[in-house]
Amino acid sequence: MKKVDKHTKKELLILTYLRQNARLKLTKLSKLTGIPVSTIFDRIKAGSRLIQKHTTLINFQELGYTTRATITLKTKKEQRQELQEHLVNHSQINSTYRINNGYDFLIEGIFRHIKELEDFLETLEENYAIKAKQVYYIIEDLKREAFMSRPENVQMVIEEEHF
């Protein structure tokens, strides 16, 4: 088993505040954490291995995309790679995951309306021999991208790293 690198309390504290607001000014971040601006700047500039990507969370309904769904898919083994490439490259698929327990993929799709989603699913079934699918419409975000977004979570992570 690969040993997990230990992360400093300072790195994790910076991370929690950036999870709340990635556009937080370094001076404000310094006041919140008690870490000098120069240290924060150096940690961020050096490129933390903890941060994979900076992105913006979008209110899709404001753009006219009223239908969001999480979909599980199972296909024939010989078509799995081709379906994966299609899903990863499809403009209306927000996230794609390989999963287990009887399914191959879990995807989140963003569509203007239900008919557009149904057309997408019909095309998948015609082109990729879908053996099973489950569609779950997302009605409301109750919690989204919140893990490690509170300073009090830092101690929990440090304790687990030393476990």
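Check the entry above for the structure.
Residues numbered from 1 in each chain as written. Predicted model: local features only at pLDDT ≥ 70, side-chain atom pairs only at ≥ 80, totals over all residues. Heavy atoms only, no water.

K.L.:
Mind laying out the pairing of strand β1 (residues 67–75), listing which residues take part and the relevant values?
P.N.:
The element β1 is extensively covered by neighbouring structure, given that seven of its nine residues are classed as buried. When β1 meets strand β3 (residues 105–111), the two strands line up antiparallel, connected through seven bridges. Across the sheet, the residue bridging to Leu73 is Phe105, located in β3. In this sheet, strand β4 (residues 130–137) lies alongside β1 in antiparallel orientation, the contact comprising seven bridges. By the bridge assignment, Leu73 is partnered in β4 with Lys133. (Buried < 20%, exposed > 50% of the residue type's maximum accessible area, 1.4 Å probe, protein only. Helix = DSSP H or I, 4+ residues; strand = E, 2+ residues; numbered from the N terminus. Pairing = 2+ DSSP bridges.)

K.L.:
Let's hear about the packing of helix α1 (residues 9–20) against helix α2 (residues 26–33): which residues, and what values?
P.N.:
Two numbers describe how α1 lies on α2: the axes approach to 10 Å, and their chain directions differ by 125 degrees. By the criterion of interaxial angle, the relationship of α1 to α2 is oblique. For the element pair α1 and α2, the recorded crossing hand is right-handed. For the pair formed by α1 and α2, the contact residues are Leu13, Ile14, Tyr17 and Leu18 on the first element and Leu29, Leu32 and Thr33 on the second. Each residue belonging to the contact of α1 with α2 can be placed in one class, and the counts come to six nonpolar, one polar and no charged. (Axes fitted to C-alpha atoms, helices over the stretch in contact; angles between N-to-C directions. Parallel < 35°, antiparallel > 145°, perpendicular 65-115°, else oblique. Left-handed = near helix turned anticlockwise from the far one by under 90°. Contact = heavy atoms within 4.5 Å. Nonpolar A, V, L, I, M, F, W, Y, C, P; charged D, E, K, R; others polar.)

K.L.:
So what's going on with the side chain of Thr72? Residues and values would help.
P.N.:
With respect to the helices and strands, Thr72 occurs in strand β1. Note on Thr72: relative accessible area 11%, which makes it buried. In contact with Thr72, other than residues within four places in its own chain, are Ile99, Tyr103, Phe105, Leu106, Ala132, Lys133 and Gln134.

K.L.:
Could you give an account of the nonpolar core, with specific residues and numbers?
P.N.:
As a rule of thumb, nonpolar side chains are buried together in soluble globular proteins. One finds Leu87, Ile107, Phe120 and Leu124 to be the most contacted residues of the largest nonpolar core, which totals 15 residues. For this core, the elements supplying multiple residues, two or more each, are β1, α4 (80–89), β3 and α5 (114–128). No other element matches α5, which puts five residues into this core. For Ile107, the residues in contact, after removing those within four places along its chain, are Ala69, Thr70, Ile71, Leu73, Leu87, Ile93, Ser95, Thr96 and Phe120. Of all hydrophobic cores here, the second largest spans 14 residues; its members include Leu15, Leu18, Leu24 and Val157. (Core = buried A, V, L, I, M, F, W, Y, C linked by side-chain atoms within 4.5 Å.)

K.L.:
Got a sec to walk through unusual backbone geometry? Specific residues and values, please.
P.N.:
Positive phi is not limited to glycine here, since Ala129 has a value of about 45 degrees. Along the chain, Ala129 falls in the loop between α5 and β4. Given the relative accessible area of 30%, Ala129 is considered partly exposed. The backbone of Glu145 shows a phi angle near 50 degrees, a positive value even though the residue is not glycine. With respect to the helices and strands, Glu145 occurs in the loop between β4 and α6 (153–161).

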